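Given next are the chains, with one letter for each unit.
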Amino acid sequence: EGDRRVAAERMEAEGAMEPKEELQRARAAYFTALETGEELNNKKFTYAWCLIYMKDHEEIRTGITLLQELTEIKSLQREAFYYLAVAQYRLEMYMLARNTLKQLLAIDPNNRPALDLKALVEHVLRKEGAIGLAVFSGGVAAAAGVALAVGAALAKRR
C-alpha cells in the first residue's frame, strides 16, 4: 500500500520546478539525437521529463506522447510509465494515471513511488466520486422538485 502524502509532497516539490534552461538543453540534445540517432531514447526521456514539469498543458501533452513511445523500450519502461502517470495526474487525467500505474505495478509490484502515486490518485478519485455523487444527487433532487412543482401546477389547473 502506498502513502499518498509522500506522493503529494513529491508532486509538489517536482511541480515547483520549471526547468526552462534545462528544457532548452534537453530539446536541443533531443533534436540533435533525432539526426544522429546517438542515445536517442535517453535524450527523448530527458526531454519528456522536462516537458511534463512545465506549466503549459501543451508541453505536458508533448511529454506524454514521448513517454508513451518510451513505454515500448524495455530498459526505460518503468521510468516512462511512472512519469507518464505523473504527467497524466498533473493534467487531472486521473483514470488514465491509475491505468498507467497498474501497468507499471504489473511489471514492478514493489515500486514505492508508483505505489505512493497510486494511493494519491485513488484518494483523488474517491474524493471526486463523492463530490460527483453529491452533485448528481443534488441534481436528481432538484429535478424531482421541479417535477413535483409542475405536477402540482397541472393539478391546480384541473
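Look a little higher up for the structure.
As the structure is a computational prediction, the values presented were derived from the model and not from experiment.

Engineer: Whenever I open this one, the packing of aromatic side chains confuses me. Can you help?
Structural biologist: Centre-to-centre distance and the angle between the planes together describe a pair of aromatic rings. A full pass over the atoms with the stated rule returns seven aromatic pairs. A ring pair is formed by F45 and Y83, whose centres lie 6.0 Å apart and whose planes are at 70°; its orientation type is edge-to-face. Of the two residues, F45 is situated in helix α3 (residues 40-52) and Y83 in helix α5 (residues 77-90); the sequence distance between them amounts to 38 residues. Accessibility classification places F45 together with Y83 in one group, the buried group. These aromatic residues form a ring-pair network of at least three members: Y30, F31 and Y47.

Engineer: Please explain the pattern of salt bridges as it appears in this structure.
Structural biologist: Charged atoms that come close allow side chains of opposite charge to pair. Here the structure, examined in full by the defined rule, presents seven salt bridges. With its nearest N and O atoms 2.9 Å apart, the salt bridge here joins R61 to E58. Taken as a pair, R61 and E58 lie in helix α4 (residues 57-70) at a separation of three residues, close to a single helical turn. On the basis of relative accessible area, R61 is assigned to the partly exposed category, the value being 40%.

Engineer: Sorry, what's going on with the nonpolar core here?
Structural biologist: It is characteristic of soluble globular proteins that their nonpolar side chains tend to be buried jointly. By size, the foremost hydrophobic cluster in this structure holds 42 residues, and its most contacted members are L67, Y83, V86, Y89, L117 and V121. Breaking this core down by element, the ones donating at least two residues are α1 (4-15), α2 (20-36), α3, α4, α5, α6 (94-107) and α7 (112-157). Sort the elements by how many residues they give to this core and α5 lands first, with nine residues. Other than its neighbours up to four places away in sequence, Y83 contacts E14, F45, W49, I52, Y53 and L67.

Engineer: Looking at this model, I keep getting lost on α6. Mind explaining?
Structural biologist: The periodicity of an α-helix, 3.6 residues per turn, causes residues three or four places apart in sequence to face the same way. With 14 residues, α6 extends 20 Å between its outermost C-alpha atoms, agreeing within 8% with the 20 Å of an ideal straight helix rising 1.5 Å per residue. Looking only at α6, the buried set comprises Y94, A97, R98, T100, L101, L104 and L105. Around the axis of α6, the buried residues are gathered within 165° of arc, so they sit on the same side.

Engineer: Help me understand α5, please; the structure alone is not making it clear to me.
Structural biologist: With 14 residues, α5 ought to run about 20 Å at 1.5 Å a step, and its terminal C-alpha atoms sit 20 Å apart, in line with that. For α5, a buried count of 11 out of 14 residues is recorded, marking the element as mostly surrounded by other parts of the structure. All of the buried residues along α5 are Q77, A80, F81, Y82, Y83, L84, A85, V86, A87, Q88 and Y89. A positive phi of about 60° marks E92, the residue just after α5.

Engineer: Help me understand the side chain of Q77 in this model?
Structural biologist: As for its position among the elements, Q77 is in helix α5. At 2.9 Å, the side chain of Q77 and the backbone oxygen of T71 are in polar contact. In contact with Q77, not counting residues within four places along its chain, are L70, T71 and I107.

Engineer: Just checking my understanding: could you explain the packing of α5 against α6 for this structure?
Structural biologist: Angle between the axes and distance between the axes: these two values describe a pair of packed helices. Relative to each other, α5 and α6 sit at 165°, their axes nearing to 8 Å. Considered as vectors, α5 and α6 are oriented roughly antiparallel to each other. In this structure, α5 meets α6 at a crossing whose hand is left-handed. Residues Q77, R78, F81, Y82, L84, A85, Q88 and Y89 of α5 form the contact with α6, whose participating residues are Y94, L96, A97, T100, L101, Q103, L104 and I107. Residues that form the contact of α5 with α6 fall into these classes: 11 nonpolar, four polar and one charged.

About the thresholds
Residues numbered from 1 in each chain as written. Predicted model: local features only at pLDDT ≥ 70, side-chain atom pairs only at ≥ 80, totals over all residues. Heavy atoms only, no water. Phe/Tyr/Trp six-rings, centres within 6.5 Å; stacked < 30°, edge-to-face > 60°. Helix = DSSP H or I, 4+ residues; strand = E, 2+ residues; numbered from the N terminus. Buried < 20%, exposed > 50% of the residue type's maximum accessible area, 1.4 Å probe, protein only. Salt bridge = Lys/Arg side-chain N within 4 Å of Asp/Glu carboxyl O. Core = buried A, V, L, I, M, F, W, Y, C linked by side-chain atoms within 4.5 Å. Contact = heavy atoms within 4.5 Å. Expected span 1.5 Å × (residues − 1). Arc of directions from axis to C-beta. Polar contact = N/O pair within 3.5 Å; in protein donor to acceptor, adjacent residues only side chain to side chain. Axes fitted to C-alpha atoms, helices over the stretch in contact; angles between N-to-C directions. Parallel < 35°, antiparallel > 145°, perpendicular 65-115°, else oblique. Left-handed = near helix turned anticlockwise from the far one by under 90°. Nonpolar A, V, L, I, M, F, W, Y, C, P; charged D, E, K, R; others polar.

The analysis is restricted to geometry; functional conclusions fall outside its scope.
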